[in-house]
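A closer look at the structure
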Amino acid sequence: MTTPRPHVVKDAKGKRPTFYDAPGLDQAMSMILVMANEISVLHDRLDSAERVAKAQGLDLAAGIEALVLDQPALEAREAWRQDFLDRLFYLQRKEAAEAAQADTTERFNRTIEEIATP
């Protein structure tokens with residue numbers, strides 16, 4: 001059984017460094033690196049499971065093909081998937097929130113200036 005990951009908000013303050021001139025390329029690279037990390041971990045765990053099963057004389061591939069998941073297992077997989085997507089789209093959500101906040105502040109200040117002008 002896996003240990004649940006603690007939910008920690010990891011929003012760094014301030015301007016993020018950029019490495020590419022094309023808009024969105026830094027975010028795409030961040031997503032690619034998150035996925036590469038997950039694939040690497042998944043590969044290692046699957047390799048370990050196959051080696052343990054083989055040492056025990058189990059046909060892991062056939063067992064996986066025949067597996068029917070119950071509702072709690074399906075829900076656990078969906079929870080993991082949502083956590084993964086949250087991490088994958090982290091920068092896009094953060095930038096969208098920052099843009100919304102900047103827009104709100106800008107509109108607020110403009111409205112105040114318009115009201116203050118006779």
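All of the points below concern the structure found in this document. (Residues numbered from 1 in each chain as written. Predicted model: local features only at pLDDT ≥ 70, side-chain atom pairs only at ≥ 80, totals over all residues. Heavy atoms only, no water.)

It is at 8 Å that the axes of helix α1 (residues 25–55) and helix α4 (residues 90–116) come closest, and there the two elements cross at 145°. Only L91, Q92 and E95 of α4 make contact with α1, whose side of the interface consists of Q27, A28, S30 and M31. In the contact of α1 with α4, the residues fall into three nonpolar, three polar and one charged. (Axes fitted to C-alpha atoms, helices over the stretch in contact; angles between N-to-C directions. Helix = DSSP H or I, 4+ residues; strand = E, 2+ residues; numbered from the N terminus. Contact = heavy atoms within 4.5 Å. Nonpolar A, V, L, I, M, F, W, Y, C, P; charged D, E, K, R; others polar.)

Turning our attention to the environment of D26. With respect to the element layout, D26 can be found in helix α1. With relative accessibility at 16%, the residue D26 sits in the buried group. A C-alpha to C-alpha distance of 42 Å links D26 and T117, two positions 91 residues apart in sequence. Discounting chain neighbours no more than four positions away, the residues touching D26 are T18, F19 and Y20. (Buried < 20%, exposed > 50% of the residue type's maximum accessible area, 1.4 Å probe, protein only.)

Below, the discussion takes up helix α3 (residues 71–88). Given a rise of 1.5 Å per residue, 18 residues ought to cover 26 Å, and the 25 Å separating the end C-alpha atoms of α3 matches this to within 8%. Along α3, the residues classified as buried are F84, R87 and L88. Seen end-on, α3 carries its buried residues on one side only, within an arc spanning 100°. Of the surrounding secondary structure, the elements contacted by the buried residues of α3 are α1 and α4. (Expected span 1.5 Å × (residues − 1). Arc of directions from axis to C-beta.)

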